[in-house]
Amino acid sequence: MHITKKKQTLLATLLLFIFAQAFVFADGYRNTPEGARALGAIGGYRAFADDANATIHNPANLVDLEAPMVQINTTLGYGHNRLSNAFGSAKTEDTFYAIPGFSIAAPLKEGKYAVGFAAYVPFGRSVNWGEDSFLASMGAPYSGSMTVFDFTPNVAMRLNDSLSIAIGADIYYGQVEQEQFLFGLGGFGIPDGTKSKLTGDGTALGWNAAITWEMTKKQRLFATYRSPFTIKYKGDNEYSLGGTTFMTSDVDAKIEHPTIIALGYGVEFTDTLRAEVDVEWLEFSTYQNLTINDSNLGPITSPQKLKDTWTIGIGGEWNFATNWTARSGFKYIRNPTPDSTYSPLGPDEDQTVISFGLGYENENHAVDIGYAYGFFNGRSVSGNQSPLYDGNYDYDLSVVTLSYGYKFQKRMLCQKTACL
């Protein structure tokens, strides 16, 4: 099919719009903390992280493990979004989601060293406004999902009685999918009602580091660092009508993900009660523009204008009975997305989160549950690059995480009077 230069420009704009909405909502939004203990004490679970999930939250603490441990996490969420503006009103569908996670860690040489590995999903959302929504009927993307997996091996070392450090790699794999209907493009040979389905994936490498300082037997300071990374997504944009694909474009785009630095202080008030305060800084401002390379149309650039942001929170836990621990936390989260580049596929607003958790642990088993609820005041968007996205948004989100951990007991290998 021959495409004139003018049509190339219009089609490039369409593809740019598709990619911008597909990718922007993934970069600014993280999933809740991995594991039921971290979720239950959402505002602070790094200074005293004491399970295999420390591989994710603060790997410097891996040297505190007394035995090898494997942990499985399942996060279940419920949430919906509402939009009301001059064009109509809509509510998202498919409001339930599930996210898996896995961690394993082991101390070496009596806690002098430790290793850990985790596989989890730090970034990921799925939003579906439905094929019958006014967004879909007006040609806007109505369904999108983004998932970024992180496979992270870590090594920790105890430098002395009060100081431990860790370093590790982050191996990322990302996937994206988006759907929309197209109208008014008959000049391109694209009939009204054509369905556009974009899919893509990509990989990236990063690294992380952590340090924990036990100031006294009751107080700790920590710092963690996760490097920025860039995923280059490659994929296809399929155009179909009546279930038959009649055109496909090859597309790719590089997405920059932020540096994340966390600092915190933890204190044990008694043998059964402890708390900590955590602060995070996220360098989203590196993601100012999105450049798309189209196999036919060349490079296209669109502004994203994300802002640096931060979070602050407090979390605590209470060993109220033998083998039983209660947790709670509070966290305030600033969003990085300005009105001008906001997308319904990336619901985002300043929010406060409260959480509660309960755990049971004995010599071999650890079972935990955590619950978090987000408080939203709603967001009024104006001056968006697409007037269709201006309007009033309301959100609702509840999350439950279940974790099961198994601790392998140390096996003493003895020969005569010497045990290893």
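It should be noted that the structure appears before, not after, this text.
About the criteria used
Residues numbered from 1 in each chain as written. Predicted model: local features only at pLDDT ≥ 70, side-chain atom pairs only at ≥ 80, totals over all residues. Heavy atoms only, no water. Core = buried A, V, L, I, M, F, W, Y, C linked by side-chain atoms within 4.5 Å. Buried < 20%, exposed > 50% of the residue type's maximum accessible area, 1.4 Å probe, protein only. Helix = DSSP H or I, 4+ residues; strand = E, 2+ residues; numbered from the N terminus. Pairing = 2+ DSSP bridges. Patch = residues over 30% accessible without salt bridge, like charges linked within 9 Å, V, L, I, M, F, W, Y side chains within 5 Å. Areas by Shrake-Rupley, 256 points an atom, 1.4 Å probe, with all protein chains shown as cover. Salt bridge = Lys/Arg side-chain N within 4 Å of Asp/Glu carboxyl O. Phe/Tyr/Trp six-rings, centres within 6.5 Å; stacked < 30°, edge-to-face > 60°. Polar contact = N/O pair within 3.5 Å; in protein donor to acceptor, adjacent residues only side chain to side chain. Contact = heavy atoms within 4.5 Å. 1 Å grid on protein atoms, 1.4 Å probe; cavity = no way out; pocket = protein on both sides within 12 Å on 5 of 7 lines; lining within 4 Å. Points joined across faces, edges and corners; volume = space filled by probe spheres on them. Nonpolar A, V, L, I, M, F, W, Y, C, P; charged D, E, K, R; others polar.

## Details of the nonpolar core
Proteins that are soluble and globular tend to have nonpolar side chains buried together.
Turning to step 1, where the next piece is worked out: Formed by 19 residues in total, the largest nonpolar core has its most connected members in Val-148, Tyr-172, Phe-229, Ile-231, Tyr-233 and Leu-290.
Turning to step 2, where the next piece is worked out: At the level of secondary structure, the elements contributing two or more residues to this core comprise strand S5 (143–158), strand S6 (163–182), strand S7 (194–216), strand S9 (229–241), strand S10 (244–257) and strand S13 (289–294).
Turning to step 3, where the next piece is worked out: The dominant element in this core, judged by the number of residues it contributes, is S9, at 3 residues.
Turning to step 4, where the next piece is worked out: Core analysis: the second largest hydrophobic core is formed by 17 residues, Trp-129, Ala-136, Ala-140 and Tyr-142 among them.

## Remarks on the pairing of S9
Looking along a regular strand, one sees the side chains alternate between the two faces of the sheet.
Turning to step 1, where the next piece is worked out: The pairing of S7 with S9 spans 7 bridges and is classified as antiparallel. Along S9, the bridge assignment pairs Gly-200 with Gly-235.
Turning to step 2, where the next piece is worked out: Taking the residues that link successive antiparallel strands as the turn, the S9-S10 hairpin has 2 residues, and the phi of Gly-242 there is positive, at about 65°.

## Looking at a nonpolar patch on the surface
Turning to step 1, where the next piece is worked out: On the surface, a cluster of nonpolar side chains totalling about 830 Å² of accessible area is made up of Leu-76, Phe-269, Leu-273, Trp-318, Phe-320, Trp-324, Leu-358, Ile-369 and Leu-402.
Turning to step 2, where the next piece is worked out: With respect to the helices and strands, the residue Trp-318 is situated in strand S15 (residues 309–321).
Turning to step 3, where the next piece is worked out: You can call Trp-318 partly exposed: its relative accessible area is 47%.

## Side note on the packing of aromatic side chains
Turning to step 1, where the next piece is worked out: For the coordinates displayed, the defined rule picks out 14 aromatic pairs.
Turning to step 2, where the next piece is worked out: Relative to Tyr-173, the ring of Phe-149 lies with its centre 6.3 Å away and its plane at 25°, an arrangement referred to as stacked. With a gap of 24 residues between them, Phe-149 in strand S5 and Tyr-173 in strand S6 connect regions that are remote in the sequence.
Turning to step 3, where the next piece is worked out: A centroid spacing of 3.6 Å and a plane angle of 10° characterise the contact between Tyr-172 and Phe-229, whose relative ring orientation is stacked. Highlighted residues: Tyr-172 in strand S6 and Phe-229 in strand S9, separated in sequence by 57 residues. Side by side, Tyr-172 and Phe-229 carry an identical accessibility label, which is buried.
Turning to step 4, where the next piece is worked out: Three or more aromatic residues joined by ring pairs make a cluster, and in this case those are Phe-123, Tyr-172 and Phe-229.

## Digging into the side chain of His-80
Turning to step 1, where the next piece is worked out: For His-80, the location among the structural elements is in strand S1 (residues 69–85).
Turning to step 2, where the next piece is worked out: You can call His-80 buried: its relative accessible area is 6%.
Turning to step 3, where the next piece is worked out: Here Arg-82 takes part through its side chain, which lies 3.3 Å from a polar atom of the side chain of His-80.

## Focus on the environment of Asp-192
Turning to step 1, where the next piece is worked out: By the element assignment, Asp-192 lies in the loop between S6 and S7.
Turning to step 2, where the next piece is worked out: For the pair Asp-192 and Leu-182, spaced 10 residues apart in sequence, the C-alpha separation works out to 6.0 Å.

## Regarding the environment of Tyr-113
Turning to step 1, where the next piece is worked out: Secondary-structure assignment places Tyr-113 in strand S4 (residues 113–128).
Turning to step 2, where the next piece is worked out: Its relative accessible area of 31% is what places Tyr-113 among the partly exposed residues.
Turning to step 3, where the next piece is worked out: Along the sequence, Tyr-113 and Ala-156 sit 43 residues apart, while their C-alpha atoms lie 5.6 Å from each other.
Turning to step 4, where the next piece is worked out: When residues no more than four places from it in sequence are discounted, the contact partners of Tyr-113 are Val-63, Pro-107, Leu-108, Ala-156 and Met-157.

## Quick word on the layout of surface pockets
Turning to step 1, where the next piece is worked out: By volume, the second largest pocket amounts to about 800 Å³.
Turning to step 2, where the next piece is worked out: In terms of lining residues, the second largest pocket is bounded by 36 residues, among which Asp-50, Asp-64, Glu-66, Arg-274 and Glu-361 are the most central.
Turning to step 3, where the next piece is worked out: Elements with a contribution of two residues or more to the lining of the second largest pocket: S7, strand S8 (219–226), strand S12 (273–282), S15, strand S16 (324–333) and strand S17 (351–361).
Turning to step 4, where the next piece is worked out: A class-by-class count of the residues in the lining of the second largest pocket yields 8 nonpolar, 9 polar and 19 charged.

## Some thoughts on the pairing of strand S11 (residues 260–268)
Turning to step 1, where the next piece is worked out: Bridge analysis of S8 against S11 gives 8 bridges, and the strand direction is antiparallel. Looking at the pairing, Gln-219 lines up with Val-267 of S11.
Turning to step 2, where the next piece is worked out: The pairing of S11 with S12 spans 9 bridges and is antiparallel. Of the residues in S12, the one forming a bridge with Gly-264 is Asp-278.
Turning to step 3, where the next piece is worked out: The hairpin formed by S11 and S12 contains 4 residues between the paired strands.

## A word on the pattern of salt bridges
Turning to step 1, where the next piece is worked out: Within the structure shown, the criterion is met by 23 salt bridges.
Turning to step 2, where the next piece is worked out: With a closest N to O distance of 3.0 Å, Glu-280 and Arg-30 form a salt bridge. You can see Glu-280 sitting in strand S12 and its partner Arg-30 sitting in the loop between helix H1 (5–27) and helix H2 (36–40), a full 250 residues away along the chain.
Turning to step 3, where the next piece is worked out: On the accessibility criterion, Glu-280 (3% relative accessible area) is buried.
Turning to step 4, where the next piece is worked out: Of the charged contacts, one joins Glu-317 and Arg-274 as a salt bridge, the two residues approaching to 2.6 Å between their closest N and O atoms. With Glu-317 in strand S15 and Arg-274 in strand S12, this residue pair connects regions lying 43 residues apart in the sequence.

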